[in-house]
Amino acid sequence: MNPEFVNPELVNQVLLPISLGLMMLAMGLSLKVQHFAKLWLFPKVIALGITLQLVLLPALAWFWIVVLGLSASVAAGLILVALAPGGATSNAVSYTHLR
């Protein structure tokens, strides 16, 4: 496919969000009550996951901002991404471990 025929706005603002939504819907529809009940058997793992996602990940982002001396706009973007837990990657990792 010739790159000049690909509209980046269409891909970024329409196709990617729809694809992400369909992936999340497919994963969510496959969950059962037993999957959630199974989680309560491992409270330490839940606490560790929450701590790593909400404390360590933003701290690591801040570390790289300081070490690399990133500009304010790039630093803000990195912090925002680090502070927004979840997303497609963590859903995919969680999905594979529930099976």
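Cut-offs used in this document
Residues numbered from 1 in each chain as written. Predicted model: local features only at pLDDT ≥ 70, side-chain atom pairs only at ≥ 80, totals over all residues. Heavy atoms only, no water. Helix = DSSP H or I, 4+ residues; strand = E, 2+ residues; numbered from the N terminus. Areas by Shrake-Rupley, 256 points an atom, 1.4 Å probe, with all protein chains shown as cover. Phe/Tyr/Trp six-rings, centres within 6.5 Å; stacked < 30°, edge-to-face > 60°. Patch = residues over 30% accessible without salt bridge, like charges linked within 9 Å, V, L, I, M, F, W, Y side chains within 5 Å. Salt bridge = Lys/Arg side-chain N within 4 Å of Asp/Glu carboxyl O. Buried < 20%, exposed > 50% of the residue type's maximum accessible area, 1.4 Å probe, protein only. Axes fitted to C-alpha atoms, helices over the stretch in contact; angles between N-to-C directions. Parallel < 35°, antiparallel > 145°, perpendicular 65-115°, else oblique. Left-handed = near helix turned anticlockwise from the far one by under 90°. Contact = heavy atoms within 4.5 Å. Nonpolar A, V, L, I, M, F, W, Y, C, P; charged D, E, K, R; others polar. Core = buried A, V, L, I, M, F, W, Y, C linked by side-chain atoms within 4.5 Å.

K.L.:
Explain the overall build of the protein chain here, please?
P.N.:
For the protein chain, the helix and strand inventory stands at five helices and zero strands. When its helices and strands are written in sequence order, the protein chain yields α-α-α-α-α. Carbon and sulfur atoms make up 75% of the accessible area of the protein chain, which amounts to about 8,100 Å² in all.

K.L.:
What is the right way to look at the packing of aromatic side chains in this model?
P.N.:
What describes a pair of aromatic rings is the distance from one ring centre to the other and the angle between the planes of the rings. Applying the stated rule across the entire model yields one aromatic pair. Centroid distance Phe63 to Trp64: 5.1 Å. Interplanar angle 75°. Geometry classified as edge-to-face.

K.L.:
Looking at this model, I keep getting lost on a nonpolar patch on the surface. Mind explaining?
P.N.:
A surface patch of nonpolar side chains, about 660 Å² in accessible area, is lined by Leu10, Val14, Leu15, Ile18, Leu22, Leu25 and Leu29. For Leu15, the location among the structural elements is in helix H1 (residues 8–29). Among the residues examined, Leu15 registers a relative accessible area of 42% and is labelled partly exposed.

K.L.:
Even after reading the chapter, I still don't get the packing of helix H3 (residues 43–68) against helix H4 (residues 72–83), so can you show me in this structure?
P.N.:
Angle between the axes and distance between the axes: these two values describe a pair of packed helices. Across the interface, H3 lies against H4 with an axial gap of 8 Å and an inter-helix angle of 165°. On the basis of the axis angle, H3 is roughly antiparallel to H4. In the crossing of H3 with H4, the sense of the turn from one axis to the other is right-handed. Across the interface between the two elements, Gln53, Leu57, Pro58, Ala61, Trp62 and Ile65 of H3 pack against Ala75, Leu78, Ile79, Ala82 and Leu83 of H4. Taken together, the residues of the contact of H3 with H4 break down into 10 nonpolar, one polar and no charged.

K.L.:
Even after reading the chapter, I still don't get the nonpolar core, so can you show me in this structure?
P.N.:
Proteins that are soluble and globular tend to have nonpolar side chains buried together. Ranked by size, the top nonpolar core spans five residues in total: Ala61, Ile65, Ala75, Ile79 and Ala82. Elements with a contribution of two residues or more to this core: H3 and H4. Top contributing element to this core by residue count: H4, with three residues. If we ignore the near neighbours within four places in the chain, the residues touching Ala82 are Gln53, Leu57, Pro58 and Ala61.

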